[in-house]
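Structure at a glance
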Amino acid sequence: MYFEFVNSAKLLSGDYALENIAPELALLGSKRPIILTDEILVKIGTLKILEGALAKGDLKVSSVYSSIPLDSSIEVVNEISKEYRRVNADGIIALGGGSVIDTAKGLRMLISQGGKDIMSYVGCEMMERGQNVPFVAIPTTSGTGSEATAVAVIKNEERKVKLEFISPFLLPDIAVLDVRVLESMPSRITALTGLDALTHAIEAYSCLQKNPISRIYSTIAIKLIMENLLQAINKPKDKTARLNMAIASYAAGASFSNSMVGIVHAIGHSVGGVCSVAHGEAMTILLTECMRYNKEKAKKDYAELLLYLAGAEKYASTKEEDRAEEAIRTVENFIKEVKKVAPIATRLSERGVKRSDFAEIANKAIDDGALIVNPRSADLDDILKILDSVY
């Protein structure tokens, strides 16, 4: 068995993690970084928390770009590259969720390669490192794991498709987990990002490209999510639950970055691209039905995951042949418990998806790279049946 595992980002986690950014960037040679964030984080004061921490380290910020949409886009990445060059920035700090961090990854790619249009690098998974662009990722949600992945998902608005850019050089130099930028997450976002991380971990554990190291990260993530997500929703100021969810998201991200995901993401990317359904919500809606679809090929993997999903007592008391189905039921029941305390959708119809959208969704999903490593192959009819079952 041959596999590769890359997790090169230095992790700063816990109390005063933000205050350690300035000296770390100095070591990387950055004195004038640009900050990427979004308008909501500016409005609620999260950006000020970061700026205060950077000021303590005498770090001067060259510019702040906060007009990043919910889905990172080709046009925005290209626009920010012009601002980066205009202010002569020498590094990137991304403060936000997956869209902000993926935008930063796209920017780093563009600047490091000396390009002007990120579309020039679609499919270029073997690009060289290029110019040094120090990059710090500070997630404000606990789900995408983008701070630990070598993948950037950036939307092409014209084609209504989310493009995946993959390269080890997309990984941040530094990932920062600090509860001060996580506490303001609303219950809905906490729920959806947590379930997104759960999906990452489960798919990474069971996909064809899984490996022993990625599976260790997956099991850590699953255990932490099952133990902490409801607490983080119900008691958002619980620092332990918040930090544990951030660690879970990071671990799940490192796992799937090295093993890939599967059919949940293949269909979910298309649902998001065609119908603008939030990524975490698409994962929530599709997860258990896709697990049932995969069960005939992933039965052993799902059976093993019951230990981390439900604990040792449940695992031991369940017959070996029943453990895979019990794992799926455990996830199903967990999502139901989350829905009781957070306003999330569990059916496509709840988010305005129409049956008339199914053909376009399925046609885009069949071409998604995540489907290649799914444990069970799928054709258009299979995807249409899954969509119908979660409608």
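Cut-offs and rules
- Residues numbered from 1 in each chain as written.
- Predicted model: local features only at pLDDT ≥ 70, side-chain atom pairs only at ≥ 80, totals over all residues.
- Heavy atoms only, no water.
- Helix = DSSP H or I, 4+ residues; strand = E, 2+ residues; numbered from the N terminus.
- Rg over C-alpha atoms; globule rule 2.2 N^0.38 Å.
- Buried < 20%, exposed > 50% of the residue type's maximum accessible area, 1.4 Å probe, protein only.
- Contact = heavy atoms within 4.5 Å.
- Core = buried A, V, L, I, M, F, W, Y, C linked by side-chain atoms within 4.5 Å.
- Disulfide = S-S within 2.5 Å.
- Arc of directions from axis to C-beta.
- Salt bridge = Lys/Arg side-chain N within 4 Å of Asp/Glu carboxyl O.
- Expected span 1.5 Å × (residues − 1).
- Polar contact = N/O pair within 3.5 Å; in protein donor to acceptor, adjacent residues only side chain to side chain.
- Phe/Tyr/Trp six-rings, centres within 6.5 Å; stacked < 30°, edge-to-face > 60°.
- Lys NZ or Arg CZ within 6 Å of the ring centre and 35° of its normal.

Time to look at the overall build of the protein. What the protein contains, in helices and strands, is 14 helices and eight strands. Radius of gyration (C-alpha) of the protein: 20 Å, near the 21 Å computed for a compact globule of 391 residues. Principal-axis analysis of the C-alpha atoms gives the protein an extent of 60 × 45 × 40 Å. For the protein, the residues scored as buried account for 58% of the 391 residues in total. For the protein, long-range pairs separated by at least 24 residues make up 78% of all intrachain contacts whose partners lie at least 6 apart in sequence.

Further remarks concern the nonpolar core. Core analysis: the biggest nonpolar cluster contains 72 residues, and L198, I202, I263 and I267 have the highest contact counts within it. For this core, the secondary-structure elements that each account for two or more residues are α6 (187-206), α7 (212-234), α8 (239-259), α9 (263-275), α10 (279-310), α12 (323-341), α13 (358-365) and α14 (380-389). Of the residues forming this core, the biggest block, 14 residues, is contributed by α10. Filtering out sequence-adjacent residues up to four positions away, I267 remains in contact with L286, C290, I361, A365, I383, I386 and L387.

The next subject is the state of the cysteines. Taken as a whole and assessed by the stated rule, the structure comprises zero disulfides. Cysteine C275 is unpaired, with the sulfur of C290 as its nearest cysteine sulfur at 15 Å. C275 sits in the buried class, given a relative accessible area of 18%. Cysteine C290 shares no disulfide, and the gap to the nearest cysteine sulfur, in C207, comes to 14 Å. Under the relative-accessibility criterion, C290 is labelled buried at 0%.

Turning to helix α3 (residues 46-56), its buried residues number three or more, namely T46, L47, L50, A53 and L54. All buried residues of α3 lie within an arc of 125 degrees about the axis, which places them on one face of the element. Away from its buried face by more than 90 degrees, α3 exposes K48 and K56. The inward-facing, buried residues of α3 contact α1 (21-28), β2 (34-36), α2 (39-43), β3 (63-65), β4 (92-96) and β5 (135-139).

A few words now on the pattern of salt bridges. Per the counting criterion, the structure on display carries 24 salt bridges. Between E281 and R188 there is a salt bridge whose closest N-O contact spans 2.9 Å. Placement of the pair is E281 in helix α10 and R188 in helix α6, with a sequence separation of 93 residues. Residue E281 is classed as buried on the basis of its relative accessible area of 0%. We note a salt bridge from R329 to E325, for which the minimum N-O separation is 3.9 Å. With R329 and E325 both in helix α12 and four residues apart, the pair spans about one turn of that helix. Here the residues in one salt-bridge network are R292, K295, K314, E325, E326, R329 and E332, joined through shared partners.

Taking 1.5 Å of rise per residue, 21 residues should cover 30 Å, and α8 covers 30 Å from first to last C-alpha, within 8% of that figure. The buried fraction of α8 is high, at 16 of 21 residues. Its side-chain oxygen 3.0 Å from the backbone nitrogen of T240, D238 forms the N-cap of α8.

Counted according to the given criterion, the structure contains two aromatic pairs. Ring geometry for F5 against Y217: centres 5.3 Å apart, planes inclined by 35 degrees, an arrangement best described as tilted. One end of the pair, F5, is in the segment before β1 (10-13); the other, Y217, is in helix α7, and 212 residues separate them in sequence. Overall, the relative accessible area of 25% leaves F5 in the partly exposed class. Take Y217: its relative accessible area is 22%, and that puts it in the partly exposed class. With a centroid separation of 5.7 Å and 80 degrees between ring planes, the pair formed by F358 and Y391 is classed as edge-to-face. With F358 in helix α13 and Y391 in the segment after α14, this residue pair connects regions lying 33 residues apart in the sequence. Note on Y391: relative accessible area 24%, which makes it partly exposed. Over the face of the ring belonging to Y315 we find R323, whose NZ or CZ atom lies 3.9 Å from the ring centre. Lying across the ring of Y293, R376 places its NZ or CZ 3.9 Å from the centre.

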